Amino acid sequence: GILILSTFAVAFIFSFVLRKIAHVAINRYSERIKVDPTNYSFLKNSLSFIIFSIALFFIFSKIPFFKSLGTALFAGAGVFAAILGFAAQKAFSNIVSGIFILIFKPFRVGDTIEFLTHKGVVEEITLRHTAIKNYENRRIIVPNSIISEDVIVNSDIIDERIRQPILFKISYDSSIDKAIEIIQQEAENHPLCIDC
């Protein structure tokens with residue numbers, strides 16, 4: 001019991017410290033060396049999974065009861081693997097989808113994306129999910145398998161400039177031609193006007 005508790009305590013502390021160091025390093029160096037922070041963010045969020053997997057393997061190898069249990073489980077590995085695979089298929093699907101997002105980069109940390117009825121800025125990509133901050137300052141947590149299967153509108157993937165329609169209202173007795181002329185003049189006088 002003491003070995004299990006101490007192993008998980010060390011794993012938790014080690015994971016916490018490594019994630020803090022990785023977070024500081026990502027924020028400090030990603031902009032300086034002009035590298036996409038998505039890769040490092042994904043790695044940071046994978047650290048806990050890797051460390052706790054190593055801790056679990058260590059416990060199984062050191063305690064005789066778990067070692068014999070592992071041998072018994074290995075004898076029925078076919079049935080166990082089938083049950084485990086069925087139970088964890090969603091989790092594996094999210095992990096594989098997260099890896100595909102990392103490789104193909106349909107969106108990155110900091111991109112403004114829109115899918116289904118949601119729109120916001122990508123804050124974090126983990127092994128399991130993608131966190132998006134919408135314009136109400138709420139966090140939308142989307143499983144990677146869902147977001148990778150949906151159509152995504154990415155406003156930042158190549159060019160940050162986008163076209164946004166603006167609605168103007170004028171009274172019924174006003175001249176439409178005069179209103180169009182005023183709008184065109186104001187648009188052309190704007191210093192950020194493109195293709196005027």
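It should be emphasised that the depicted structure is a prediction, and the values quoted were computed from it without experimental measurement. (Residues numbered from 1 in each chain as written. Predicted model: local features only at pLDDT ≥ 70, side-chain atom pairs only at ≥ 80, totals over all residues. Heavy atoms only, no water.)

(A) Just the environment of V142, in detail. Inspection of the secondary structure assignment puts V142 in strand β4 (residues 139–143). The exposure class assigned to V142 is buried, which follows from its relative accessible area of 5%. For V142, the residues in contact, after removing those within four places along its chain, are F115, H129, T130, I132 and I147. (Helix = DSSP H or I, 4+ residues; strand = E, 2+ residues; numbered from the N terminus. Buried < 20%, exposed > 50% of the residue type's maximum accessible area, 1.4 Å probe, protein only. Contact = heavy atoms within 4.5 Å.)

(B) A look at the sheet that holds strand β2 (residues 118–125). Strand order in the open sheet formed by five strands is β4-β3-β2-β1-β5, with antiparallel pairing between adjacent strands. Both edges of this open sheet fall to β4 and β5 (153–154), since each of them pairs with a single strand only. Strand direction decides the pairing type here: strand β3 (residues 129–134) and β4, joined by five bridges, are antiparallel. Note that in β4 the partner of K133 across the bridge is R139. (Pairing = 2+ DSSP bridges.)

(C) Here's a closer look at the packing of aromatic side chains. In this structure the tally under the stated criterion is two aromatic pairs. Their ring planes at 25° and their centres at 6.3 Å tell us that F8 and F52 sit as a pair that is stacked. In this pair, F8 sits in helix α1 (residues 2–29) while F52 sits in helix α2 (residues 37–62), placing the two residues 44 residues apart along the sequence. Classification of F52 by relative accessible area gives partly exposed; the value is 29%. (Phe/Tyr/Trp six-rings, centres within 6.5 Å; stacked < 30°, edge-to-face > 60°.)

(D) Layout of the pattern of salt bridges. Under the definition given, this model contains three salt bridges. Salt-bridge contacts for R138 lead to E136; the nearest nitrogen and oxygen are separated by 3.5 Å. (Salt bridge = Lys/Arg side-chain N within 4 Å of Asp/Glu carboxyl O.)

(E) Structural detail: the pairing of β3. Burial of β3 is extensive: five of the six residues sit out of reach of the surface. Two elements, β2 and β3, share five bridges in a ladder whose sense is antiparallel. If you follow V121 over to β3, its bridge partner there is K133. Between β2 and β3, which pair antiparallel and follow one another directly, the connecting turn spans three residues.

(F) Spatial organisation of the side chain of H129. Inspection of the secondary structure assignment puts H129 in strand β3. With relative accessibility at 18%, the residue H129 sits in the buried group. Residues within four places of H129 in sequence aside, it is in contact with E124, I141, V142, P143 and N144.

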